[in-house]
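Chain by chain, the residues:
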Amino acid sequence: MKPFTYERAASPAAAAAAVARTPGAKFIAGGTNLLDLMKLQVETPAHLVDVNRLGLDTIEATAEGGLRIGALVRNTALAADQRVRRDYGVLSRALVSGASGQLRNKATTAGNLLQRTRCPYFYDTNQPCNKRKPGSGCAAIGGFNRNLAIMGTSKDCIATHPSDMAVAMRALDATVETINPAGQTRRIAIADFHRLPGNTPWVENALTAGEMITAVTLPKPIGGTHVYRKVRDRASYAFATISVAAVLRPDTGAARFAFGGLAHKPWRVEAAEQRVDGGAKAVAAAALAGAWTTEQNGFKVPLVERTLASVLAEGGAA
Amino acid sequence: MGTTIHIGAEMNDIPGIAITRRGALVSGAAAAAAGVVPLASEAQALPAEQPAATMPVTLTVNGKPRTMDIDPRVTLLDALREHLQLTGSKKGCDHGQCGACTVIVEGKRINSCLTLAVMHDGDSVTTIEGLGRPGDLHPMQAAFVRHDGYQCGYCTPGQIVSSVAMLDEIKEGIPSYVSADLNASAAVTGQEIRERMSGNICRCAAYSNIVAAIADVAGAKDVA
């Protein structure tokens, strides 16, 4: 790792101010992704601001009947929370589908949202990558791209967002709460939090310089059957090839679907959810309209449809 | 031969053989290094890197307070192995993929290679050395021996530390991806053990015996 200096922040506002003030500074929470990238020198921060002991590790009920999840709540703690298991099962299921037991004990709610892509060209500093080195090109397009994006891609980047948790949060219409270096707070809908790559693939989310996530809130429970189905190359401890987060209400015909492994952000097309009467084929066709595939990753299109069929069967909607 | 070497913490308890794995490795490395002449010109050609400022860190390791002055880059794994000479925790991949470095911090199993020691100032750490010792094995260590839950043994400390903490996670009611009912407590089944231990890779593929050892300790019958 490149040398860096380290400080432990005293408050969320002080942490945000410290990152804004210090050139090359980054927050460190669980560190399971950042330290991996620092060892490879994909990330070379000059200063780390440790936000682990700021008291942001609780899950509380909101006045609206939902939950406020502190930014530093570990993935295991969130998945195991009785309220999450009872009312937001899709989130609990998504969390335990990700990483390993050891990593989930360390990884945080905010850090999970801010994970970097596992595109092999992003990880390999000998390769061009517009995300890692703006303007250097994209080696993934025309390279080994079997597991890369098919939706919302650009000529500059076909990376996917690797999170399972974020996919469930997208289906649940979560909101990200932040504080900026001036101490101002704001709320960002999860739909607007992650960005598509466009011609600035290194800009991955809506956060401004030094802005720090303090919590993620979930609206009040919507009931229904919650399913998280992850398809991957091995049965455990692997990133999604594709995944489906679904909340199904066979009684009312309402359905929500968000997809992982397809895009630079959790992929959700609300219009496709109106097509649930037409079954998996209709939903998949609407959700994947405009897909851009390569010879290697074109299999994801039929895989989404088949996985949706399985999810609908499990949820009693087909 | 005839020399008895006692280095490091891994005393071999096989009667009549008083050489440790670490001792053999260290003496072997010393012999290899003796034949290498440092190239002064090469050393000078390297860019001078500023020494990083060190920071004091105190950990309670296996019940004992240990204070170090370390570079913030030092991972918890390197602090344990290189600064405290607790070499039971292994460095496999150094990227959180293999689980050989698993230790228990504040009651939770984590990958010690993917966290900085400075982030754990004041924390309590349990390593394989803290679970049991030769002659006084932890039940999980004894079960791994009984079930032959290893071949080369490199992943074994991580497997054992991970499995001890994993059984606690099941007791605490933490669900897994294979738990059928999110709102019920998971039983200790072969499927649950396999899923929950997926962060520990065994390249010798001693998995079936590892699962048998863990199931034995948990008192689980059906682990097919």
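Look a little higher up for the structure.
## Regarding the pattern of salt bridges
Working step 1: Applying the stated rule across the entire model yields 29 salt bridges over all chains.
Working step 2: As a salt-bridge pair, K108 of chain B and E172 of chain B come within 3.8 Å of each other at their nearest N and O atoms. In this pair, K108 of chain B is assigned in strand β4 (residues 108-111) and E172 of chain B in the loop between α6 (156-171) and α7 (190-196), connecting sequence segments 64 residues apart.
Working step 3: For K108 of chain B, a relative accessible area of 38% translates into the label partly exposed.
Working step 4: Among the charged side chains, a salt-bridge network with shared partners connects R170, D173, R256, R268, E270 and E273 of chain A.

## Some details on helix α1 (residues 12-21) of chain A
Residue and element names in this part refer to chain A.
Working step 1: For α1, the complete set of buried residues consists of P12, A15, A16, A18 and V19. Take α1 and look down its axis: the buried residues cluster within an arc of 160°, on one side only.
Working step 2: Looking at the packing, one finds that the buried side of α1 touches β1 (5-8), β2 (25-28), β3 (47-50), β6 (175-179) and β8 (212-218).

## Considering the interface of chain A and chain B
Working step 1: The interface of chain A with chain B comprises 42 residues on the first partner and 41 residues on the second.
Working step 2: Buried surface at the junction of chain A and chain B, both sides included, amounts to about 3,400 Å², of which 54% is carbon and sulfur.
Working step 3: Of all residues in chain A, R85, R93 and Q102 of chain A bury the most surface against chain B, accounting for 21% of the area lost on that side.
Working step 4: If you look at where chain A meets chain B, you find 2 salt bridges.
Working step 5: Between K39 of chain A and D94 of chain B there is a salt bridge; the shortest N-O distance is 2.9 Å.
Working step 6: Linking chain A with chain B are 23 residue pairs in polar contact (both at pLDDT 80 or more), by the criterion used here.
Working step 7: Those elements giving two or more residues to the side of chain A that touches chain B turn out to be β1, α2 (34-39), β3, α3 (75-80), α4 (82-87), α5 (89-97), α6 (101-106) and β9 (225-231) of chain A.
Working step 8: Here the side of chain A that touches chain B is built from residues that sort into 16 nonpolar, 13 polar and 13 charged.

## Observations concerning helix α5 (residues 139-147) of chain B
Residue and element names in this part refer to chain B.
Working step 1: Taken together, the buried positions of α5 are M140, Q141, A143 and F144. Taken end-on, α5 shows its buried residues confined to a sector of 160°, consistent with a single buried face. Residues of α5 that are exposed and point more than 90 degrees away from the buried face comprise P139 and R146.
Working step 2: On its buried side, α5 packs onto α4 (128-131), α6 and α8 (207-218).
Working step 3: Of the residues trailing α5, D148 is marked for its positive phi of about 60°.

## A short note on the sheet that holds β4 of chain B
Residue and element names in this part refer to chain B.
Working step 1: Taken in spatial order, the 5 strands of this open sheet run β2-β1-β5-β3-β4, and their pairing is mixed. Two strands close off the open sheet at either side, each with one partner strand: β2 (64-70) and β4. On average, each strand axis in the sheet is inclined to that of its neighbour by 40°, with strand direction left out of account.
Working step 2: Pairing geometry for strand β3 (residues 102-105) and β4, over 4 bridges, is antiparallel. Across the sheet, residue V105 finds its bridge partner in β4, namely K108.
Working step 3: Packing of α6 onto the sheet brings it into contact with β3 and β4, and relative to β3 it is tilted by some 45°.

Calculation rules
Residues numbered from 1 in each chain as written. Chains lettered and ligands numbered in written order. Predicted model: local features only at pLDDT ≥ 70, side-chain atom pairs only at ≥ 80, totals over all residues. Heavy atoms only, no water. Salt bridge = Lys/Arg side-chain N within 4 Å of Asp/Glu carboxyl O. Helix = DSSP H or I, 4+ residues; strand = E, 2+ residues; numbered from the N terminus. Buried < 20%, exposed > 50% of the residue type's maximum accessible area, 1.4 Å probe, protein only. Arc of directions from axis to C-beta. Contact = heavy atoms within 4.5 Å. Buried area = accessible area lost by both parts, 1.4 Å probe. Polar contact = N/O pair within 3.5 Å; in protein donor to acceptor, adjacent residues only side chain to side chain. Nonpolar A, V, L, I, M, F, W, Y, C, P; charged D, E, K, R; others polar. Pairing = 2+ DSSP bridges. Axes fitted to C-alpha atoms, helices over the stretch in contact; angles between N-to-C directions.

Just geometry here; none of it tells us what the structure is for.
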